[in-house]
Amino acid sequence: MPSRLCHLAVVAALAAGIPSPAAPPVRIHQLLAGPAGFLELRNPTAAPVPLDGWSVLSCHGTTLTELARFPAGSTVVGGGAFVLAGLDFAGERDADLLVPSVPGTGQLLLDGHQARVDGVAVAPDSPCRENEAASPCPGPLSRDALSTDTDNNRVDFGCPLPPAAQPQR
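For clarity, every value in this text was computed on a predicted model and none was experimentally measured.

Account for the state of the cysteines, naming residues and giving values.
The tally for this structure, following the rule as stated, stands at two disulfides. Covalently, Cys59 is tied to Cys128 through a disulfide, its sulfur atoms 1.8 Å apart. With the S-S dihedral at roughly 85 degrees, the linkage between Cys59 and Cys128 falls on the right-handed side. One end of the pair, Cys59, is in strand E4 (residues 55-60); the other, Cys128, is in the loop between strand E10 (116-121) and strand E11 (141-142), with 69 residues separating them in the sequence. What makes Cys59 buried here is its relative accessible area of 0%. For Cys128, a relative accessible area of 0% puts it in the buried group.

Provide a residue-level description of the side chain of His29, including the pertinent values.
By secondary structure assignment, the location of His29 is in strand E1 (residues 27-32). Among the residues examined, His29 registers a relative accessible area of 4% and is labelled buried. Here the side chain of His29 touches Ser147 through a polar contact of 2.7 Å, side chain to side chain. Setting aside residues no more than four positions away along its own chain, His29 makes contact with Glu40, Leu41, Arg42, Leu141, Ser142, Arg143, Asp144, Ala145, Ser147 and Phe157.

Just give me the short version of the sheet that holds E1, but keep the residues and values in it.
Here five strands make up an open sheet; going across it, the order is E8-E7-E2-E1-E11 and the pairing mixed. At either end of the open sheet lies a strand with only one pairing partner, and these are strand E8 (97-99) and E11. Across five bridges, the pairing between strand E2 (residues 38-42) and strand E7 (residues 81-86) is antiparallel. Among the inter-strand pairings, Leu39 is bridged to a residue of E7, identified as Leu84.

Please give an account of the sheet that holds E4 that cites residues and values.
With antiparallel pairing, the four strands of this open sheet are ordered in space as E5-E4-E9-E10. Each end of this open sheet is capped by a strand with a single partner; those strands are strand E5 (63-69) and E10. Between one strand axis and the next, the sheet turns through 20 degrees on average, direction left out of account. Note that strand E9 (residues 106-110) and E10 share five bridges and pair antiparallel. Residue pairing in the sheet places Leu108 in a bridge with Gly119 of E10.

Summarise unusual backbone geometry; cite the residues concerned and give the values.
The phi torsion at Ser147 lies on the positive side, around 55 degrees, for a residue other than glycine. Mapped onto the elements of the fold, Ser147 is located in the loop between E11 and helix H2 (153-156). In this structure Ser147 comes out as buried when scored by relative accessible area, which is 5%. In this structure, Asp151 takes a positive phi of about 65 degrees despite not being glycine. Note that Asp151 resides in the loop between E11 and H2.

Each value, and the rule that gives it
- Position numbers for residues start from 1 in each chain and track the written sequence from start to end.
- The predicted origin of the model limits local features to residues at a pLDDT of at least 70 and limits the giving and counting of side-chain atom pairs to 80 or more, whereas totals for whole chains, interfaces and linings rest on all residues.
- Processing note: side-chain calculations cover all non-hydrogen atoms of the structure and skip hydrogens and water entirely.
- For this text, the term disulfide refers to a pair of cysteine sulfurs within 2.5 Å.
- The way it works is that DSSP assigns letters per residue, a run of H or I at least four long becomes a helix, a run of E at least two long becomes a strand, and they are numbered from the N terminus.
- Note on exposure labels: buried denotes an accessible area under 20% of the residue type's maximum, exposed denotes more than 50%, and partly exposed covers the range between, all computed with a 1.4 Å probe on protein chains only.
- Under this definition, polar contacts are N or O atom pairs within 3.5 Å; protein pairs additionally need one hydrogen-donor-capable and one acceptor-capable atom, and for neighbouring residues in sequence, both atoms have to be side-chain atoms.
- Working rule for contacts: check all heavy atoms of both residues, and any pair within 4.5 Å makes them a contact.
- Here the rule is simple: two strands pair whenever DSSP picks up at least two bridges between them.
- Angles run from 0 to 180 degrees between N-to-C directions of axes, and those axes are lines fitted to C-alpha atoms, restricted for helices to the stretch in contact.

Interpretation in functional terms is not warranted from these geometric data alone.
Right, dumping it as structure tokens:
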């Protein structure tokens, strides 16, 4: 009977939307669409996460197109970031992977088995969104410093304050 109970517990956890222990910890942390746009992935854990075979899909309304497939050897180091950027990107750090542009109203991150890892979108009908769509920003969409993921884009993503507008400590 213990195996049946274990099986029932796993089924109940999946039905409740609880991620499996094997779910990759990598999250979409920031997104800015356009030729100078970028997609920043974050790994909040200490262990590196290899991205071999992973891909990013762009959403245009309800249509999905592959934006990029990560080359062999791509990794998000523990506590680090990986930046996929458009050719006109001029960010504070170098891009790890260049693409012509970061198009669409959302992005979807898939692992090497093409299973959904994370997604974000500002369009309510987008297949890239998680639960409610994020509110559009004049600049990048961003998660909090911990890359908190509640599986609800409206809750998880916001418009970061410009440095001069951020509260002083």
